[in-house]
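Per-entry structural report
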Amino acid sequence: MRVVVGVDGSKGSRTALEWALNEARLHHADLTAITAWSPTVGVTGYIPSPAPFLDPQLLEDAAHEVVDHALEDVDCSGVDVHTKVVAGGAAHALIAESQDADLVVVGSRGRGGFAGLLLGSVSQQVAEHARCPVVIVPTHA
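**As for the confidence of the model for the protein**
The share of residues in the protein with pLDDT of 70 or more is 79%, and the mean pLDDT across the chain is 85. Averaged over each element, pLDDT in the protein is lowest for strand β3 (residues 42–43) (49) and highest for strand β1 (residues 2–6) (98). For residues 111–118, every residue scores under 50 in pLDDT, and the model assigns this stretch 10 contacts once sequence neighbours within four places are set aside.

So this is what it looks like as structure tokens:
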């Protein structure tokens, strides 16, 4: 079994990561933590758009730091964890990974700009287009 989780450094993605790790542990599944970056958006929303002056290698390196830092802050014991950093949009990356996953986990809200929305755009797109079951983990206030 393979569980995929989106990680962007937000409170919501940490909650989703913890949930995904527990689920992977329970089902003896591998877990893939994915972070996406874009030269026009930055690392999952950290850099104001547009950012054409930024070196793509710096953005990719920052994305690796985001996922590595997220994994340092949670209990990964008993789970075979892999990381993946993808150039492009987060929703697209997660939907693509859903082709070979048994479950995709996302937080209900990430780093997007519309805090009043019930679901973020990434979680909504993934829920609508993924090729496997999706769990949207609510962020507790």
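**As for the pairing of strand β2 (residues 30–38)**
In terms of residue burial, β2 counts as a mostly covered element, since eight of its nine residues are buried. In this structure, β1 lies alongside β2, joined through five bridges in parallel fashion. From the neighbouring strand, R2 faces β2, where its bridge partner is D30. What joins β1 to β2 is helix α1 (residues 11–27), and the crossover it makes is right-handed. Bridge analysis of β2 against strand β4 (residues 81–87) gives seven bridges, and the strand direction is parallel. Across the sheet, the residue bridging to I34 is K84, located in β4.

**A closer look at the nonpolar core**
As a rule of thumb, soluble globular proteins bury nonpolar side chains together. In terms of nonpolar packing, the biggest core is built from 24 residues, with V3, V5, V7, L17, L31 and V105 touching the most fellow members. Of all the secondary structure elements, the ones that give two or more residues to this core are β1, α1, β2, α2 (56–72) and β5 (103–107). When residues in this core are grouped by element, the largest group, six residues, is from α2. With 13 residues, the next largest nonpolar core counts I34, A101, V104 and C132 among its residues.

Conventions we followed
- Residues numbered from 1 in each chain as written.
- Predicted model: local features only at pLDDT ≥ 70, side-chain atom pairs only at ≥ 80, totals over all residues.
- Heavy atoms only, no water.
- pLDDT = per-residue confidence, 0-100.
- Helix = DSSP H or I, 4+ residues; strand = E, 2+ residues; numbered from the N terminus.
- Contact = heavy atoms within 4.5 Å.
- Buried < 20%, exposed > 50% of the residue type's maximum accessible area, 1.4 Å probe, protein only.
- Pairing = 2+ DSSP bridges.
- Right-handed = clockwise from strand over helix to strand, strands pointing away.
- Core = buried A, V, L, I, M, F, W, Y, C linked by side-chain atoms within 4.5 Å.

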